[in-house]
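What follows is each chain in one-letter form.
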Amino acid sequence: MSKTIIIKNGRVIDPSQKLDKVSDVLISDGKIISAGKPVKNKPGAKIINAKNKIVVPGLIDIHTHLREPGHEEEETIASGCMAAASGGVTSICCMPNTHPVIDNQTAVEFILLKARNEGIVNVFPIGSVTKGSLGEELAEIGELKKEGVVAISDDGNSIMNAMVMRRALEYSKMFEIPVIAHCEDTSLSKNGVMNEGYVSSLLGLRGIPKESEEVMVSRDIILAGLTKGYLHIAHVSTKGTVDLIRNAKKSGVNITAETCPHYFVLTDECVKNYDTNTKVKPPLRTKEDQQAIIEALRDGTIDCIASDHAPHTIEEKNKEYDLAPFGLIGLETILPLTITYLVKTKKLTLMQAIDRLTRCPAEVLNLKNRGTLKPGSIADVSIIDIEKEDTIKEFVSKSKNSPFLGWKLSGFAVTTIVGGKVVMDNGKIISG
Ligand code: DOR
Ligand code: ZN
């Protein structure tokens, strides 16, 4: 494969430089040489015609669950990477709730080694805050950082003990990595399976109140204020959480946040068909929450759009609603859902949407030279056809648990480039 790639005549959009211009991108030896300037053809260079397409920094998903080690039947590092490439995502940050949990150096080393050998996109591991993600005893956070984790999180579980969270935030300051908080007061969420409200009463399903999230977000904001630690709120699902984060940012707390497409596309009304692929934690909320989340993405209160890609097998999901596991896959739909429901509807500009998928996640996790097309940065690039319409029919991911199967969406990645290498072209994965 040629080491020089020229992407011609695309609409180059790079929020990190506020660049939006029809022009070319030059890649050589895995780096961006120029973006947004005309490039003359070079002998031996691979030319990609991007006319009528947009050319953006590769998407970064800061909330992905790969199931290796432990549940390779749901997803492996290799299959998760392929799903990402197929969705235009060039970097994934994987959550530590595997079996065993990623709470020690050897486990981090395993992920990095596997990713290097078998992964076609960049994999950044997130380490566990506590040993076994049990919420009791802190993991060796300094060691995890040394081995290469980009954040710490007990995602999937909640850190109910405030003292443990306080210490985690102190360490986050010391080691300069964020604590990604899965905010759920489990004494309030209990055995709930969906949002607590009108629809849960109608369906006779146990509810998870908004307050289960908001109580924990409030506590963690207070602790971030106390410790000056760095707090990142995962998967924001309620209007109350948005208000809390907006105020915390105003008062100078070191806080960032993400939401996921299912929170700005779906509501608890979608549970009415009892499709277990709508069962997710936190649960799908109401129209009012959805509007607040969209406004927060617009004004920057919520920094990032993340997938919370959570694979589960058909057998696991093929249970009654009460018994099915929480989670849905998202790597292959994060982009078309954002384009279809935020950009096409004019709720966000294209520049804002790409910003929340590229520059912001790179900044939140301090991923240097990524999420940008600045000269010298790593050549992770996505080429997207905004007008391409398609019905979601199949998935590259090992798991198929998506409520969006059969949905007609627009705005798909057509080419994905990782470190100057084309890994997906026209829907085809190139792994060799
Ligand atoms: O729905 C969810 N699924 N929420 C989480 O926090 C964890 C995730 C999973 O690991 O399946
Ligand atoms: Zn979570």
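For the structure, check the block above.
Residues numbered from 1 in each chain as written. Chains lettered and ligands numbered in written order. Predicted model: local features only at pLDDT ≥ 70, side-chain atom pairs only at ≥ 80, totals over all residues. Heavy atoms only, no water.

## Let's talk about helix H4 (residues 162-175)
To be explicit about the condition: Put simply, DSSP marks the helices as runs of H or I at least four residues long and the strands as runs of E at least two long, and each gets a number from the N terminus on. Helix span, expected: 1.5 Å multiplied by one less than the number of residues in the helix. Exposed residues in this analysis have more than 50% of their type's maximum accessible area, buried residues have under 20%, and partly exposed residues fall in between, with area computed by a 1.4 Å probe over protein chains only. The arc under discussion is defined with respect to the helix axis, by the directions toward the C-beta atoms. Any pair of residues with heavy atoms lying within 4.5 Å of one another is described as a contacting pair. Here a polar contact means two N or O atoms within 3.5 Å. Within protein one must be a hydrogen donor candidate and the other an acceptor candidate, and residues neighboring in sequence count only if both atoms are side-chain atoms.
Taking 1.5 Å per residue as the helical rise, H4 with its 14 residues ought to reach 20 Å, and the 20 Å between its terminal C-alpha atoms agrees with that figure. Of the residues making up H4, those classed as buried are Val164, Met165, Ala168, Leu169 and Ser172. The arc that holds the buried residues of H4, viewed along the axis, is 135 degrees, so those residues lie on one side. Its buried side turned inward, H4 meets strand S9 (152-153), strand S10 (179-181), helix H7 (210-227) and strand S13 (231-233). Structurally, the start of H4 carries an N-cap: the backbone nitrogen of Met163 is 2.9 Å from a side-chain oxygen of Asn161. Backbone geometry just after H4 places Glu176 at a positive phi near 55 degrees.

## A look at the site of ligand 1
Which entries qualify depends on this criterion: Being near a molecule or strand, for a residue, means having at least one of its heavy atoms within 4 Å of it. Values of accessible area rely on a 1.4 Å probe in the Shrake-Rupley scheme; residue burial ignores everything except the protein chains shown. Three classes are used: nonpolar for Ala, Val, Leu, Ile, Met, Phe, Trp, Tyr, Cys and Pro, charged for Asp, Glu, Lys and Arg, and polar for all others, with Gly counted as polar.
Not every one of the 13 residues close to ligand 1 is listed here, only the nearest: Arg67, Asn97, His182, Lys281 and His312. A distance of 3.0 Å is found between an oxygen atom of ligand 1 and a side-chain nitrogen or oxygen belonging to His312. Within the backbone of Phe326, a nitrogen or oxygen atom sits 3.2 Å from a nitrogen atom of ligand 1. Contact with the protein chains removes 93% of the 290 Å² of surface that ligand 1 exposes when unbound. When its residues are assigned to classes, the shell around ligand 1 shows 3 nonpolar, 7 polar and 3 charged.

## Overview of the pairing of strand S18 (residues 421-425)
Convention followed: Pairs of strands are assigned from DSSP output, requiring at least two bridges between the strands.
The pairing of strand S17 (residues 408-418) with S18 spans 4 bridges and is classified as antiparallel. Of the residues in S18, the one forming a bridge with Thr416 is Met424. Summarising the sheet, S18 and strand S19 (residues 428-429) pair through 2 bridges and their orientation is antiparallel. Note on S19: the bridge partner recorded for Asp425 is Lys428. Joining the antiparallel neighbours S18 and S19 is a turn of 2 residues, in which Asn426 adopts a positive phi near 50 degrees.

## A look at the coordination of the zinc ion (ligand 2)
The following threshold applies: Donor atoms are limited to N, O and S found within 2.8 Å of the metal ion, a distance that becomes 3.2 Å for Na, K and Ca. With water left out, some sites might look partial. Any coordination sphere not matching a tetrahedral pattern (four donors, all angles between 85 and 135 degrees) or a square planar or octahedral pattern (four or six donors, opposite donors over 155 degrees apart, other angles between 65 and 115) is reported as irregular.
For the zinc ion (ligand 2), the full set of protein donor atoms is Asp155 (OD), His182 (ND1) and His235 (NE2), and the range of their distances to it is 1.9 to 2.3 Å. Bound by 4 donor atoms, the zinc ion (ligand 2) shows angles of 85 to 124 degrees at the metal and therefore irregular coordination geometry. Motif for the zinc ion (ligand 2), donor spacing along one chain: D-x26-H-x52-H. With His182 in the loop between S10 and helix H5 (186-189) and His235 in the loop between S13 and helix H8 (239-250), this pair connects stretches of sequence that are 53 residues apart. As far as the burial class goes, His182 and His235 line up, both buried.

## A closer look at the packing of H8 against helix H10 (residues 287-299)
How we decide: Axes here mean lines fitted to C-alpha atoms, for a helix over just the part in contact, with angles spanning 0 to 180 degrees between N-to-C directions. Roughly parallel here means an angle under 35 degrees, roughly antiparallel means over 145, roughly perpendicular means 65 to 115, and every remaining angle is called oblique.
The interhelical angle for the contact between H8 and H10, taken along N-to-C directions, is 30 degrees, at an axis separation of 8 Å. Between H8 and H10, the crossing angle belongs to the class labelled roughly parallel. Facing H8, whose interface residues are Lys239, Val242 and Arg246, H10 presents Glu288, Asp289, Ala292, Ile293, Glu295, Ala296 and Asp299. Taken together, the residues of the contact of H8 with H10 sort by class into 4 nonpolar, no polar and 6 charged.

## Section: the sheet that holds S9
Strand order in the open sheet formed by 5 strands is S9-S10-S13-S14-S15, and the pairing between neighbours is parallel. If you trace the sheet from one side to the other, it starts and ends with S9 and strand S15 (304-305), each paired once. Relative to the sheet, H8 contacts S13 and strand S14 (255-259), its axis offset from that of S14 by approximately 155 degrees.

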